[in-house]
Amino acid sequence: MLYTSTRGKTEKVCSAHAITRGLADDGGLFVPQKLTTLTLSEIIAMSDMPYAERAAKILSLFLTDYTMDELQQCTHAVYCGDKFQDNTAPLKQVNDKTGVLELWHGPTSAFKDVALQLLPHLLLKALEKTGEQHNIVILVATSGDTGKAALEGFAGVKGTRVIVFYPDEGVSEIQKRQMITQVGDNVSVIAVKGNFDDAQSGVKEILADRELVEKLEEKGFSFSSANSINWGRLIPQVVYYFSAYADAVKAGCINPGDEINFSVPTGNFGDILAGYYAKCMGLPVHKLICASNTNNVLSVFLNTGKYDRRRDFYKTISPSMDILISSNLERLLYQITDEDAAKVAAWMKELRDEGFYDVGSKLLGKIQKAFFGTWVDEFETKETICKVFRDKNYLLDPHTAVAWRACEKYRLVSSDERYCVVLSTASPFKFYGSVLEAIKPELYRQEMDPFEALELLAGLSSTTIPQQLRELKEAPVRHKLKIEKQAMKDSVAKTLKI
Ligand SMILES: *Cc1c(COP(=O)(O)O)cnc(C)c1O
């Protein structure tokens, strides 16, 4: 299978190339030329496979330049080892028609681990295949979850360096501790005096700096990306849609062949796009419910066909969805226009230059066949956490609560009572503050010690604090560097000693 750019101006490349590069040279995203489909019996057969085998099966359909043996080595190393302990994507039945797909049993307690644990393994094999001798430098600007997941994925992986920039005042106390205590001699974590946009703009400037990039290449380094623009991050996410379906059949919640819905808490549109690929590959999916928080640019788009980033940015209690430019939408547009790269490139130019584009009613109709978009405000999010805990004794984190509520809203307006899988993207302990405030406002205080709050939440819900969060209390701080935002480029040069 070969890959091409959504903007159509580059050569077709193999998957190893797409993964090492991250972004296509014309600024577009890599997409597969043609999707392979699976039969229903192939899907049902996954019911009896461990997760690592399900993953190898799906990956083999996309990464045709890897051998099955190589893929199995990668998936077994990640999903069977001590990182997930065969507990990668369990489907919990919360009521008769709703299952919650828990994707946060990895080392950082958020769903990004599912892909970011695997990406380094795929990347190392890709480097062998493309014969690239360079050390790969992964630069990350993070608002919290991606940084830690990239650090955990790449720590100790030879031939790679990771440099994470986080906004000094812009991440939670737990997220900060997760990052500054990171072990590994190929990782650097740097606080930037500024907000997330400052850190993100700084990274983009560095990547676009020809002089620096050339100097790095001379010294044997090249940049890649750990964001969901990298194809190697998207593919591992396709797996758990199939996995959830196979498990729902196995548990007797649905009959083989029944169509189901998925509700996905969405930011950069990566996770839900993976679900769309699964649908195109033959998974019986009726609707993909795109759940936004108050930053509802995507739900407005899915209802009007107009994407407009000229709007206010809100800081919400589901911060990993606080995004105004959803990069992966570009891949959907490419697929749904029957691969009209010229059109996609024109819309992306309009978005960059004017902050706006409109896909028109005909295409919108086509998009709405597969997607339903809605959004959930802060009050509804907390109310949902409280209600599901009270009624079902099940604790949702704020991101998952947005998806749960979006599913309820969809059922109300559509009368579609099909079985729905709600994707759960973070452990409630990772966002303990909002969760405590929702279920026990009288006990929660904002200035509470984080570890005291974790204990309180564990007691109230009779669940256990994930070990990796509990251990942070004693973990020594290893990264203390704090810089001005103008100094990011220099700090990369210093870190890499060039
Ligand atoms: C990243 C993230 C999301 C959003 O996923 P996208 O692929 O960006 O749409 C949702 N929830 C959590 C907890 C996340 O970390």
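Residues numbered from 1 in each chain as written. Predicted model: local features only at pLDDT ≥ 70, side-chain atom pairs only at ≥ 80, totals over all residues. Heavy atoms only, no water.

## Things to note about the overall build of the protein
Counted only if it meets this: Here a strand is any run of E in DSSP of at least two residues, a helix any run of H or I of at least four, and the numbering for each starts at the N terminus. Only the C-alpha atoms count toward the radius of gyration. The rule for a globule is 2.2 Å times the residue count to the power 0.38. We call a residue buried when its accessible area falls under 20% of the maximum for its residue type, exposed when it is over 50%, and partly exposed in between, using a 1.4 Å probe and counting protein chains only. Should any heavy atoms of two residues lie within 4.5 Å, those residues are considered in contact. Charged-residue counts in this description rest on Lys and Arg as positive and Asp and Glu as negative, His and the chain ends being excluded. In this description, the location of a charge corresponds to atom NZ of lysine, CZ of arginine, CG of aspartate or CD of glutamate.
Across its full length, the protein carries 22 helices and 15 strands. The C-alpha atoms of the protein give 21 Å as radius of gyration, which agrees with the globular expectation for 498 residues (23 Å, within 12%). In terms of its C-alpha atoms, the protein occupies a principal-axis envelope of roughly 60 × 50 × 50 Å. Relative to its full complement of 498 residues, the protein shows a buried share of 58%. Put simply, 74% of the contacts in the protein that link residues at least 6 apart link residues at least 24 apart. Taking the 59 positively charged and 64 negatively charged side chains of the protein as two groups, their mean positions are separated by 1 Å.

## A word on helix H22 (residues 488–496)
Inspection of H22 places Met-488, Ser-491, Val-492, Ala-493, Thr-495 and Leu-496 among the buried residues, and these make up the whole buried set. Trailing H22 by a residue or two, Lys-497 shows a phi angle of about 55°, which is positive.

## Quick notes on the sheet that holds strand E8 (residues 221–224)
Test applied: Being paired, for any two strands, means DSSP has found at least two bridges between them. A fitted line through C-alpha atoms represents every axis, and for helices the fit uses only the stretch in contact; the resulting angles, taken between N-to-C directions, go from 0 to 180 degrees.
One open sheet holds the 5 strands; their spatial order is E8-E5-E6-E7-E15, and the pairing between them is parallel. Whereas interior strands pair on both sides, the edge strands pair on one side only; in this sheet they are E8 and strand E15 (482–484). Within this sheet the neighbouring strands show an average axis-to-axis angle of 30°, counted without direction. Inspection of the sheet shows strand E5 (residues 135–141) paired to strand E6 (residues 160–167) by 6 bridges, in the parallel sense. Bridge pairing links Leu-139 to Ile-163 in E6.

## Focus on helix H7 (residues 145–154)
One turn of an α-helix holds 3.6 residues; hence residues three or four places apart share an orientation. Of all 10 residues in H7, 10 are buried; the element is thus mostly enclosed. Here H7 has its buried residues at Asp-145, Thr-146, Gly-147, Lys-148, Ala-149, Ala-150, Leu-151, Glu-152, Gly-153 and Phe-154. Gly-156 sits one or two residues past H7 and shows a positive phi near 80°.

## What to know about the packing of helix H17 (residues 378–392) against helix H18 (residues 398–414)
Stated formally: Working rule for angles: under 35 degrees goes down as roughly parallel, over 145 as roughly antiparallel, 65 to 115 as roughly perpendicular, anything else as oblique. Here the nonpolar group is Ala, Val, Leu, Ile, Met, Phe, Trp, Tyr, Cys and Pro; Asp, Glu, Lys and Arg are the charged ones; every other residue, Gly included, is treated as polar.
Packing of H17 against H18 leaves a shortest axis separation of 9 Å and a crossing angle of 90°. Judged on the interaxial angle alone, H18 and H17 are roughly perpendicular. Of the residues in H18, those touching H17 at Glu-380, Thr-381, Glu-383, Thr-384, Ile-385, Lys-387 and Val-388 are Pro-398, Ala-401, Val-402, Trp-404, Arg-405, Glu-408 and Lys-409. When its residues are assigned to classes, the contact of H17 with H18 shows 6 nonpolar, 2 polar and 6 charged.

## Examining a negative patch on the surface
To be explicit about the condition: For patch detection, residues must exceed 30% relative accessible area and be free of salt bridges, and they are connected within 9 Å for like charges or within 5 Å for nonpolar side chains (Val, Leu, Ile, Met, Phe, Trp, Tyr). Residue-level accessible areas treat just the shown protein chains as cover; the underlying method is Shrake-Rupley with a 1.4 Å probe. Note on definitions: salt bridges are taken to be side-chain nitrogens of Lys or Arg within 4 Å of carboxyl oxygens of Asp or Glu.
A surface patch of like charges, here negative, comprises Glu-211, Glu-214, Glu-217 and Glu-218. Tracing the sequence through the fold places Glu-214 in helix H10 (residues 210–218).

## Describing the pairing of strand E4 (residues 98–102)
Within E4, 5 of the 5 residues are buried, which leaves the element mostly enclosed by the surrounding structure. Burial of the side chains of E4 extends over both faces: Thr-98, Val-100 and Glu-102 are buried on one face and Gly-99 and Leu-101 on the other. With 4 bridges joining them, strand E3 (residues 91–95) and E4 adopt antiparallel strand pairing. Of the residues in E4, the one forming a bridge with Lys-92 is Val-100.

## A closer look at the packing of aromatic side chains
Rule in force here: Any pair of Phe, Tyr and Trp rings, taking the six-membered ring for Trp, is counted once the centres come within 6.5 Å. Such a pair is stacked with planes under 30 degrees apart, edge-to-face with planes over 60 apart, and tilted for the rest.
Within the structure shown, the criterion is met by 14 aromatic pairs. Here Phe-269 and Phe-371 contribute two aromatic rings whose centre-to-centre distance is 5.8 Å and whose plane-to-plane angle is 35°, an arrangement assigned as tilted. Placement of the pair is Phe-269 in the loop between strand E9 (260–265) and helix H12 (270–280) and Phe-371 in strand E13 (residues 371–375), with a sequence separation of 102 residues. In this pair, the class of Phe-269 matches that of Phe-371, namely buried. Ring plane angle 20° and centroid distance 6.1 Å describe the contact between Trp-347 and Tyr-357, whose orientation is recorded as stacked. With Trp-347 in helix H15 (residues 341–354) and Tyr-357 in strand E12 (residues 356–358), this pair connects stretches of sequence that are 10 residues apart. No difference in accessibility class separates Trp-347 from Tyr-357, as the two residues are buried. Taken together, the aromatic side chains of Tyr-3, Phe-62, Trp-231 and Tyr-277 make up a single cluster linked through ring pairs.

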